[in-house]
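One letter stands for each residue in the lines below.
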Amino acid sequence: MTSGWTLLDNAHEALRTVVGHVPADAWELPTPCADWNVTQVLQHAAGDQIGYAAFLTGEPGPDENPFAPSGTLPADPVAYAEDAMGRAARAWAGVDRAAGEVPVPMPPNKMTPELGAGACAMDAAVHAWDIAVATGLPSPLTPELAAGLLPVARQTAEAVRGFAFGPALAPEAADDDIATLLRYLGRDPHWSRP
């Protein structure tokens, strides 16, 4: 099984790549996250990364509620995302991997370090996908990343189903690990802009 820290590194790279390639005129486009545009998904994703860091270190949390993003585009979206991911990466780097559990913002608010790092990774990776498909960029989810995140999703998503994730969509026979992960998290792998 891929370690939570490797998943986090790969998920951060996925989010970094996508945010760095969003066209200047695409920040207000709709996304697979109902009622949120690309800017709001970026704000939510960044806020979640900062939230994990805050739970782990006690440092201040995000400036705004990640579940009520304002939609005001940061002056430098890439630097904004980098700051959030950097805070999360530093926080996870300081975690004792042998600890029984660590505090996390996702219910039940305590997880093993491995699962917690994986949950943080899942958040970044799936929102990278949201932004990519909304803006016409290639999917940042690789088969390896999706396969590593599937066990994390199955252990964590039910606690926030209906709040952070929609109802799971029925699998289809042709689904690969990427489609399976997306459907499990309530996303249509074939989503396209209305």
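Read on for a plain summary of the structure.

### Regarding the overall build of the protein
Then, number 1: Scanning the protein for helices and strands turns up six helices and two strands.
Then, number 2: Beginning at the N terminus, the succession of helices and strands in the protein can be written as α-α-α-β-β-α-α-α.
Then, number 3: For 194 residues, the compact-globule formula gives about 16 Å, and the C-alpha radius of gyration of the protein, at 15 Å, lands near that figure.
Then, number 4: Each principal axis of the C-alpha atoms in the protein carries an extent, and together these give about 45 × 45 × 25 Å.
Then, number 5: Expressed as a percentage of contacts within the protein between residues at least 6 apart in sequence, the contacts between residues at least 24 apart total 68%.
Then, number 6: Across the protein, the mean location of the 10 positive side-chain charges is 4 Å away from that of the 24 negative side-chain charges.

### Observations regarding the nonpolar core
Then, number 1: Grouped together as the largest cluster of nonpolar side chains are 61 residues, with contacts concentrated most on Leu15, Trp92, Met106, Met122, Ile131, Leu149 and Leu185.
Then, number 2: Top element by residues in this core is helix 4 (residues 113-135). It accounts for 15 residues.
Then, number 3: The residues touching Met106, leaving out its near neighbours within four places in the chain, are Tyr52, Met111, Ala119, Met122, Thr156, Val160 and Phe165.

### Looking at the pattern of salt bridges
Then, number 1: In this structure the tally under the stated criterion is eight salt bridges.
Then, number 2: A salt bridge links Glu82 to Arg16, with the nearest nitrogen and oxygen atoms 2.5 Å apart. Here the residue Glu82 occupies a position in helix 3 (residues 77-93), and Arg16 occupies one in helix 1 (residues 4-21), the gap between them amounting to 66 residues.
Then, number 3: Here Glu158 ties to Arg161 by a salt bridge, and the two come within 2.7 Å at their closest N and O atoms.
Then, number 4: The structure contains a network of salt bridges with shared partners spanning Glu13, Arg16 and Glu82.

### Structural notes on helix 3
Then, number 1: Taking 1.5 Å per residue, 17 residues should reach 24 Å; helix 3 reaches 24 Å between its end C-alpha atoms and fits that length.
Then, number 2: Within helix 3, burial applies to Pro77, Ala81, Ala84, Met85, Gly86, Arg87, Ala88, Ala91 and Trp92.
Then, number 3: Those residues of helix 3 that are buried are in contact with helix 1, helix 2 (38-57), strand 1 (102-103) and helix 4.

Definitions and limits used
- Residues numbered from 1 in each chain as written.
- Predicted model: local features only at pLDDT ≥ 70, side-chain atom pairs only at ≥ 80, totals over all residues.
- Heavy atoms only, no water.
- Helix = DSSP H or I, 4+ residues; strand = E, 2+ residues; numbered from the N terminus.
- Rg over C-alpha atoms; globule rule 2.2 N^0.38 Å.
- Contact = heavy atoms within 4.5 Å.
- Lys, Arg positive; Asp, Glu negative; His and termini not counted.
- Charge placed at Lys NZ, Arg CZ, Asp CG, Glu CD.
- Core = buried A, V, L, I, M, F, W, Y, C linked by side-chain atoms within 4.5 Å.
- Buried < 20%, exposed > 50% of the residue type's maximum accessible area, 1.4 Å probe, protein only.
- Salt bridge = Lys/Arg side-chain N within 4 Å of Asp/Glu carboxyl O.
- Expected span 1.5 Å × (residues − 1).

Nothing here speaks to function; it is all geometry.
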